[in-house]
Amino acid sequence: MGLSGLDIYKLLPKTNCKECGQPTCLAFAMKLAQKQAELSACPYVSEQSKAALAAASAPPIRLVTVGTGESKVEVGNETVLFRHEKTFFHPPGLFVRIKDTLPQAEADALLNQITSFGVERVGIKLRVHGLAIENASGDAAAFAARVAAVKAKTDLPLMLIAATPQAMEAGLEQAAGVSPLIYAATAENWKEMAALAAKHKAPLAVRGQRSDPSGQGDLGALAGLTEQIKAAGVEDMVLDPGVRTSHGTLIALTQLRRLALKSGMRSLGYPIVTFPGENASSVDEEVTRAAEHIAKYAGIIVLDHFEPANVYPLLTLSQNIYTDPQKPIQVSPGLYEISGPKPESPLLVTTNFSLTYFSVAGEVEGSGKPTWLLIVDSEGMSVLTGWAAGKFDAAKIAKSVNQFGVPGKVSHKKLVLPGLVAGLSGELEEELPGWEIRVGPREAIDIPAYLKTWS
Amino acid sequence: MTPAVQVPIEKWTGKIREITLGATAAEGGTRTRTVTVGGENTLPFLSFEGTMPHAPVVALEVQDHYPNEWSPLLKESWGDVLHDPAAWAKKAEAVGADLIVFKLISAHPEGDNTDAAHAAATVKAVLAATGLPLVVLGPGQADKDNEVLVAVAEAAKGERLVLGNCEDKNYRTVVAAALAHGHLVVAKTPIDVNLAKQLNILITDMRLDLDRVLMDPTTGALGYGLEYSYSVMERLRLAALTGDGMVQQPMICTVGEETWRAKESKVNQGVPAAWGDWIKRAIHWEVLTASSLLLAGANIVVLRHPDSVARIKQTIAGLMAD
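Residues numbered from 1 in each chain as written. Chains lettered and ligands numbered in written order. Predicted model: local features only at pLDDT ≥ 70, side-chain atom pairs only at ≥ 80, totals over all residues.

Undergrad: When you look at the overall build of chain B in this model, what are you seeing that I'm missing?
TA: Within chain B one finds 11 helices and 10 strands. Relative to the compact-globule value of 20 Å for 322 residues, chain B shows a C-alpha radius of gyration of 19 Å, a close match. Across its three principal directions, the C-alpha atoms of chain B cover 70 × 55 × 35 Å. Across the 322 residues of chain B, 55% fall into the buried class. In chain B, the proportion of contacts linking residues at least 24 apart, taken out of those at least 6 apart, comes to 70%. (Helix = DSSP H or I, 4+ residues; strand = E, 2+ residues; numbered from the N terminus. Rg over C-alpha atoms; globule rule 2.2 N^0.38 Å. Buried ≥ 20, exposed ≤ 12 C-beta atoms within 10 Å, placed from the backbone. Contact = placed C-beta atoms within 7 Å.)

What follows is the structure, given as structure tokens:
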């Protein structure tokens, strides 16, 4: 939430000395508000004003990093309530909980499953983002041992869950240098937990208590807690409003997002961690709740169960919700060769919306039939959307045929259109004299059967 | 030290139209119960800000012809009833559907090309087999849609059916049939706020009250355009709440039809092991698409798998109250 030029002006010396290069302090303030000038250009601004301006330009929801290196997870820094207003930036980190009461062999097996899980979707690798190790035993030594064992096997970001500062410290000592998320500071233990977070340079989750469904007072208490922790020197925090029901979570997370963005409440401007499995009656319900938290508005989601059939749909949902609405994922237009086509191989055409491309290319590859795939620049729109918007029409397809040198590579003049735009074939025959325009299947899944009959 | 927290509350000026589907004997129909949707004056489930008098409801899809192209998972789950629309509808009611979406696919000219009399007769048979309200959809080909829906509207006079789909190029005949026989309509548009609004205006111009119109803003399945539907629905709902009277319609989403076409649901051959167990994955695909759209403002989700019904009912109950 940026300050207006007038707000900034109030913090400047108001001497109109011109040393910043602007004619007046007000003009300089306006440039600052538009981010066309740097505050450092003013030699006389007070330290107090500098601090106030820095605080005001900080993002309304703090960006928090868990873990280190390539696999670190960054969450927060969101700026809107609805993805169509701009976009959602940092998809929630999906963590899986491993308790220190789980026998070592089972923990190892679970860890193996999680770390070896990975699946590509529209060109992007989907995976589990982190591990939440819980001190369920109450025994600090058992906790430390489990943390050490997990850390030895993976560089995935860690979250350490322990009720007592003693156990947490034992765990943290085994996780030196990997910046794990500490869960959690509460009204009772925040001093000790904050000290541990400061000492280990680790982000700290702060848990509130939700006693009534409207809960405004409870959020006030949570804000009070984060203010105290911040005063104790810990900046990177993650919030747990302490509610576990489906309805209550939606309300609390919506209220937190509104307070951070619309009220500019810094003390609640942190990403949120949720535990969809706690208080769920089944694994299925855990999955549905996790999906609710992906849409509205979790930063880190801790699952109690890992299973590919659950995680793959959740990660796909996260990918959907966090796709930039202004910039659909696209591939470059061009003539793609699949399975080494020869001049006489079939020629299919479709759009450069990446989901379209990967669905079609995947099916063509799966069919085993060498094929030319002409990808038209539809500005990242799917076949039907592109057609409706005039971005995937006969003229554009004809232009691509020539632009990408199809006649030089393909010996026949047979072009297969997606079934959804069968209506384009007449126009396209006019645009491409001498070509035979064929209508292919409406769905990518039916392409292998179609290619079998192609001649 | 507890800072004062004043949660921002939006002062919405609009509310969603309350629409009742189906009519009981007392109301001139034969339904054993009716279903009312809409009436909310805030975003979905935000009870701290407004009220949502009617929880969203779950419909199951029934077809008048054996669904050859359906996933084997659906065929196994439903079994023999797929050959008999009346038995299918009865079973749908038994597994917990709030209403039935009945599709007259056999009327399609490229399919069996069955006629208006056949459509009227099968709708009568389904009405006799279930007491739930009915949405009746044509085969999706304009001329045949008009032909069969007119006959159905007449045969089921007084039942407060929902007839569909009205689309921008073909809505007049269906709207006229609904007007003449006391039914409602579905207005379907392709994932676009302005097109949705425009079709509602065209329908109003024919003097059908908007409290007899449901909007279908078109569903994209999880992984296949869900985000487009999600955002268009959020935008429609925000426009409705800020007072645009032409989009204050309850929304219906054809979740089952879209998700069961997705490769993840339809097949299990040659797919990555990381996709996981087929049936679990397929049900999640349907349930997660539905639950996400409920958060975006869906009032009716139309499903295909019986096991998804209980999952979504649990989700709705959980979101409605603690």
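Next comes the rest of the description.
Undergrad: When you look at the overall build of chain A in this model, what are you seeing that I'm missing?
TA: Summing up its helical and strand segments, chain A has 17 helices and 17 strands in all. Based on the C-alpha atoms only, the size of chain A along its principal axes is roughly 80 × 70 × 40 Å. Counting all 455 residues of chain A, 48% fall into the buried class. Counted over contacts in chain A with a minimum sequence separation of 6, partners at least 24 positions apart contribute 66%.

Undergrad: Got a minute to help me understand the confidence of the model for chain B in this structure?
TA: The predicted coordinates of low-pLDDT regions are not to be read in fine detail. Averaged over all residues, the pLDDT of chain B is 96; the fraction at 70 or higher stands at 100%. Interface confidence for the predicted complex, given as ipTM, is 0.97, next to a pTM of 0.89. (pLDDT = per-residue confidence, 0-100.)

Undergrad: Would you take a moment to explain the interface of chain A and chain B for this structure?
TA: Accessible area lost upon the coming together of the parts is a frequently used measure of interface size. On the chain B side, the residues contacting the 55 residues of chain A number 47 residues. At the level of secondary structure, the elements contributing two or more residues to the side of chain A that touches chain B comprise strand 4 (119–121), helix 8 (216–231), helix 9 (246–261), helix 10 (283–295), helix 11 (308–321) and helix 12 (354–367) of chain A. The class makeup of the residues in the side of chain A that touches chain B is 23 nonpolar, 21 polar and 11 charged. (Nonpolar A, V, L, I, M, F, W, Y, C, P; charged D, E, K, R; others polar.)

Undergrad: So what exactly am I meant to see when it comes to the nonpolar core here?
TA: Judged by nonpolar contacts, the single largest core of 227 residues is most densely connected at Leu160 and Leu204 of chain A together with Ala59, Ile100, Val185 and Val301 of chain B. Split by domain, this core shows at least three residues from each of two domains, domain 2 (64–321) and domain 3 (334–453) of chain A. In contact with valine 301 of chain B, not counting residues within four places along its chain, are Pro56, Val58, Cys253, Val255, Ala290, Leu293, Leu294 and Ile312 of chain B. Core analysis: the second largest hydrophobic core is formed by 9 residues, Leu11, Cys20, Cys25 and Leu32 of chain A among them. (Core = buried A, V, L, I, M, F, W, Y, C linked by C-beta atoms within 7 Å. Domains from an automatic or database assignment.)

Undergrad: What am I meant to see in unusual backbone geometry here?
TA: In terms of backbone geometry, most residues other than glycine have negative phi values and most peptide bonds are trans. In this structure, alanine 184 of chain A follows tyrosine 183 of chain A across a cis peptide bond, with omega equal to 0°. On the secondary structure map, alanine 184 of chain A appears in strand 8 (residues 181–185). The omega torsion of the bond from glycine 164 of chain B to asparagine 165 of chain B falls at 0°, within 30 degrees of zero and hence cis. Within the fold, asparagine 165 of chain B resides in strand 6 (residues 162–166). Residue lysine 14 of chain A is not a glycine yet carries a positive backbone phi of 60°. You can see lysine 14 of chain A is positioned in the loop between helix 1 (5–11) and helix 2 (25–33). Backbone geometry at phenylalanine 45 of chain B places phi at a positive 70°, although glycine is not the residue there.

Undergrad: Looking at this structure, how should I read the environment of proline 23 of chain A?
TA: All names here are of chain A. Examined against the element boundaries, proline 23 turns out to sit in the loop between helix 1 and helix 2. Overall, the presence of 10 C-beta atoms within 10 Å leaves proline 23 in the exposed class. Note: C-alpha distance between proline 23 and valine 73 (50 residues apart in sequence) is 45 Å.

Undergrad: I tried to follow the domain arrangement of chain A on my own but got confused; where do I start?
TA: Partitioning chain A into structural domains gives domain 1 (5–57), domain 2 (64–321) and domain 3 (334–453). Averaged C-alpha coordinates put domain 2 of chain A and domain 3 of chain A at centres separated by 45 Å.

Undergrad: Help me out: how do you make sense of the pairing of strand 3 (residues 57–63) of chain B in this one?
TA: Taken residue by residue, a regular strand's side chains alternate between the two faces of the sheet. All names here are of chain B. Of all 7 residues making up strand 3, 6 are buried, and the element is well covered by its neighbours. In this structure, strand 3 lies alongside strand 10 (residues 298–303), joined through 4 bridges in parallel fashion. By the bridge assignment for strand 10, leucine 60 is matched with leucine 303. (Pairing = 2+ DSSP bridges.)

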